[in-house]
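Working through the structure, step by step
Residues per chain, in single letters:
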Amino acid sequence: MEALLSDLVSRVTAYHPEADVALLTQAFTFGERHHTGQRRKSGEAYFTHPVSVARVITELKLDTASLCAALLHDTVEDTKATIDDVQREFGDEVAFLVEGVTKLSKFNFTSKEDRQAESFRKMLLHMAKDIRVLLVKLADRLDNMRTLEHMKPDAQERIARETLDIYAPLANRLGISWMKSELEDLSFKYLEPDAYKLLSDKTAALMQVKDGYIRRTSALLSSRLAEAGFNAEVKGRVKHLYSIWRKMTSSRCEFEQVYDIVGFRAVVESVADCYAVLGVVHGMFTPIPGRFKDYIALPKPNMYQSLHTTVLGPERERVEMQIRTVDMNRVAELGIAAHWKYKEKSRGAGHDNVIDYKDAQRFHWLRQLMDWQKELKDPQEFLESVKVDLFQDEVYVFTPKGDVRVFPRSATPIDFAYAIHSDVGERCSGARVNGQIVPLRSQLRSGDVVEILTDSSKHPTKDWLDHAVTSKARGKIRAYLRSEQRERSLRLGRELLERALHSAGLSYNKVVKTGAITKAVEAAKLGSVEELLIHVGYGRVAVDEVVRALAPPEQKAPEAIKEGAVEKVIRKVTGRDTNGIMVSGESDVLVRFSKCCSPLPGDEIVGFITRGRGITIHRRACAKSLDLDPERKVKVEWDAGAKVPRPVCLRVITANRPGILAEVGQTFQKCGMNIEEANCRAAEADRALNLFSFTVGDLSSLKTVIRQLQKVKGVLSVERV
Ligand code: MN
């Protein structure tokens with residue numbers, strides 16, 4: 001352990017000579033003492049993990065507080081130490097970081113539970129306050145991924161999925177490309193083990209062949225550039241596995257057909273040299289049209305700058321060239337960490353906090369994320385939009401004045417309008433792209449000049465949600481639709497109540513004026529009359545309940561109350577348990593099941609109040625439910641032990657051999673299922689595609705059928721549709 005500490009000290013003092021070695025030593029001792037006796041799954045002493053995390057932190061060239069946080073990051077969660085102990089010994093800054101990382105670690109991104117989405121949101125807020133929390137967490141995740149082989153297969157898959165979905169895109173957004181590539185390759189290894197093995201074998205074989213080519217070409221480029229008077233360092237390399245894999249899957253081709261697996265990078269002294277070197281390269285080799293990208297003039301949102309071009313290189317091989325300055329290369333490798341500056345430590349200064357927050361704020365996307373989160377009330381909606389914003393590739397478009405704006409791929413003029421200003425978004429009536437009027441749904445492409453046309457009588461409509469992709473636009477459109485909905489519900493609620501009260505011999509105006517209506521407000525556990533009316537309008541509160549609260553039973557003539565459309569819907573269904581759904585503890589509420597995802601007892605579900613149709617039940621995973629107004633969402637559960645016969649459909653792909661259909665049919669029978677409709681046809685030469693519709697009582701019976709079908713010889717796949 002001594003050796004580990006001195007290694008760490010020499011690493012940090014190499015880039016930060018004034019680092020607080022005493023504090024670092026203290027954190028090391030504290031961590032080692034508290035983790036004593038604990039072992040990792042590999043059998044190693046547990047404390048080797050925090051030390052490895054701290055080593056990654058030195059690669060990011062972070063400050064002492066971050067290093068201490070790395071060494072202590074698991075103490076609060078996994079040992080007897082408390083956050084107060086950490087605060088007492090190491091001060092507020094370290095304690096803040098440790099607490100942030102601890103909170104982050106509790107979050108399971110793959111779960112769809114609201115509660116967890118909520119903590120993700122809190123985590124992002126935390127992160128925005130101090131980006132170091134995220135950097136320590138990323139280092140922690142990297143070490144966990146490097147040692148994932150010791151975990152159980154299901155944990156491997158879950159952690160790898162989460163890494164690929166959330167952490168690798170975050171590393172990318174922070175511009176730390178080496179970490180992004182390593183996280184991607186490690187996730188790939190556990191998520192697609194066969195493909196990974198195949199690709200790494202093929203790449204290794206290719207390296208053997210290409211090794212000479214890379215050396216020859218690098219030498220050729222170096223000497224030509226030197227002749228032309230440039231001081232350039234040229235390096236060649238093979239792309240990382242996951243990026244090759246992504247290329248193969250996105251363009252549906254084989255490894256052998258992926259071009260430009262080999263790339264070269266020239267690092268030069270100045271920006272002017274970059275463009276001049278590009279000229280030399282294009283003079284030597286024919287450029288492939290459409291492959292030139294100028295990220296120097298148009299930096300990526302993570303501050304990456306470089307020139308990219310693809311040329312027909314020596315031996316007519318397609319190669320990608322990257323040309324950048326020394327500074328740009330540093331940013332490409334270290335990302336945000338390239339901007340830390342370590343000042344001389346002044347005597348008596350409490351700590352060596354050197355993060356230049358102005359630089360951290362260049363991370364425009366992070367700031368935007370924080371702005372938008374205020375408008376996204378539904379945690380799941382938020383999580384979904386964050387994933388979209390992290391993931392998508394960018395398009396670069398121009399305002400008529402020539403300012404550059406960056407959008408995720410498949411953004412439309414609607415996104416552009418909201419990016420200019422919410423008011424522009426709300427009144428946007430059309431767009432002119434490159435001088436031509438285009439529909440609002442048309443997708444923007446890099447280089448487009450976009451001008452938004454506004455009309456003060458125009459307003460957002462629901463179908464805009466189908467065309468907007470940025471979380472800002474989507475959040476604003478939803479907020480608008482929601483307030484419009486509120487107003488409509490308010491009017492409708494008032495109308496319904498007026499009519500119902502009238503039938504019961506009461507006057508709405510009188511009830512309001514005398515304040516009698518507060519009785520109904522209280523009975524419905526609401527805060528104001530307005531809220532009560534909105535709830536009635538939405539159908540959340542039944543209008544006859546309000547009347548009952550206001551009119552004593554003897555005065556009320558129930559027959560006289562005419563059922564309006566809403567009451568009909570919300571009226572309690574006679575006879576319990578017809579649908580097996582509990583809506584906030586009550587089981588006899590009118591519900592219907594959505595056709596898009598046909599939920600089964602056992603599926604995770606959500607309910608949405610639909611005006612005129614009661615409550616619609618969707619599967620939680622249903623994409624459509626995410627588009628629905630979260631204000632209308634209600635908590636629903638299956639009644640314990642509910643068995644509700646529901647139609648389902650299975651897609652069964654089988655080998656096309658005689659007798660197989662009979663066997664499949666028997667399997668259904670053995671499971672006690674009656675096939676109601678079957679649709680079978682030969683697909684490709686040797687396969688048959690079969691759709692079976694039948695009725696099933698709950699998820700576990702469905703799973704049994706699926707399992708039994710999978711056992712039938714010749715059945716290739718079984719899928720619920
Ligand atoms: Mn850890």
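What comes next is a walk through the structure. (Residues numbered from 1 in each chain as written. Predicted model: local features only at pLDDT ≥ 70, side-chain atom pairs only at ≥ 80, totals over all residues. Heavy atoms only, no water.)

1. Remarks on the sheet that holds strand 10 (residues 436-438)
- If you trace the 3 strands from one edge of the open sheet to the other, you get 10-9-11, paired in antiparallel fashion. Of all the strands in the sheet, the pair left with one neighbour each is strand 10 and strand 11 (450-454). Looking at each pair of strands side by side, their axes are set apart by 35 degrees on average, direction ignored.
- With 3 bridges connecting them, strand 9 (residues 428-433) and strand 10 associate as antiparallel partners. Among the inter-strand pairings, Val-433 is bridged to a residue of strand 10, identified as Gln-436.
- Along the sheet, helix 18 (residues 413-420) makes contact with strand 9, strand 10 and strand 11, crossing strand 11 at roughly 80 degrees. (Pairing = 2+ DSSP bridges. Helix = DSSP H or I, 4+ residues; strand = E, 2+ residues; numbered from the N terminus. Axes fitted to C-alpha atoms, helices over the stretch in contact; angles between N-to-C directions. Contact = heavy atoms within 4.5 Å.)

2. Focus: the pattern of salt bridges
- What the rule picks out here adds up to 24 salt bridges.
- Note that Glu-315 and Arg-216 form a salt bridge whose closest N and O atoms lie 3.2 Å from each other. One end of the pair, Glu-315, is in the loop between strand 5 (307-312) and strand 6 (318-325); the other, Arg-216, is in helix 11 (residues 193-227), and 99 residues separate them in sequence.
- Take Glu-315: its relative accessible area is 56%, and that puts it in the exposed class.
- As a salt-bridge pair, Glu-233 and Lys-235 come within 3.5 Å of each other at their nearest N and O atoms.
- Since its relative accessible area comes to 48%, Glu-233 is described here as partly exposed.
- What makes Lys-235 exposed here is its relative accessible area of 54%. (Salt bridge = Lys/Arg side-chain N within 4 Å of Asp/Glu carboxyl O. Buried < 20%, exposed > 50% of the residue type's maximum accessible area, 1.4 Å probe, protein only.)

3. Points about the sheet that holds strand 19 (residues 675-682)
- Strand order in this open sheet of 4 strands is 19-20-18-21, and the pairing throughout is antiparallel. Each edge of the sheet is formed by a strand with only one pairing partner; in this case those strands are strand 19 and strand 21 (715-720). For this sheet, the mean angle separating the axes of adjacent strands, direction not counted, is 15 degrees.
- Two elements, strand 19 and strand 20 (residues 687-696), share 7 bridges in a ladder whose sense is antiparallel. Paired with Arg-681 across the strands is Leu-689, a residue of strand 20.

4. Some points on the pairing of strand 18 (residues 646-655)
- When strand 18 meets strand 20, the two strands line up antiparallel, connected through 10 bridges. Among the inter-strand pairings, Cys-649 is bridged to a residue of strand 20, identified as Ser-693.
- Judged from the 5 bridges that link them, strand 18 and strand 21 form a sheet pairing that is antiparallel. Bridge pairing in strand 21 links Ile-653 to Ser-717.

5. Quick look at the nonpolar core
- Among the nonpolar cores identified, the biggest contains 104 residues, and Leu-71, Met-179 and Leu-183 are the most heavily contacted of them.
- Broken down by element, this core gets its largest block of residues, 9 residues, from helix 8 (residues 131-146).
- Contact partners of Leu-183, with chain neighbours within four places excluded, come to Leu-138, Arg-141, Leu-142, Met-145, Thr-163, Tyr-167, Ala-168 and Ala-171.
- By size, the runner-up hydrophobic cluster in this structure holds 24 residues, among which are Val-450, Val-469, Ala-473 and Leu-481. (Core = buried A, V, L, I, M, F, W, Y, C linked by side-chain atoms within 4.5 Å.)

6. Re the packing of aromatic side chains
- The final tally for this structure, using the stated rule, is 10 aromatic pairs.
- Ring centres of Phe-668 and Phe-694 lie 5.0 Å apart, and the angle between their planes is 70 degrees; on these two criteria the pair is classed as edge-to-face. A residue pair is termed long-range when its members are at least 10 positions apart, and Phe-668 in helix 28 (residues 660-670) and Phe-694 in strand 20 qualify at 26 residues.
- Over the ring of Tyr-213 we find Lys-210, and its NZ or CZ is 5.5 Å from the ring centre. (Phe/Tyr/Trp six-rings, centres within 6.5 Å; stacked < 30°, edge-to-face > 60°. Lys NZ or Arg CZ within 6 Å of the ring centre and 35° of its normal.)

7. With respect to the pairing of strand 2 (residues 262-268)
- Here strand 2 lies mainly inside the structure; 6 of its 7 residues are buried.
- Taken together, the 6 bridges between strand 1 (residues 233-238) and strand 2 define a ladder with antiparallel strand orientation. Note that in strand 2 the partner of Val-238 across the bridge is Val-262.
- As paired strands, strand 2 and strand 6 are joined by 6 bridges and run parallel to one another. Within strand 6, the position partnered with Ala-266 by the bridge is Ile-323.

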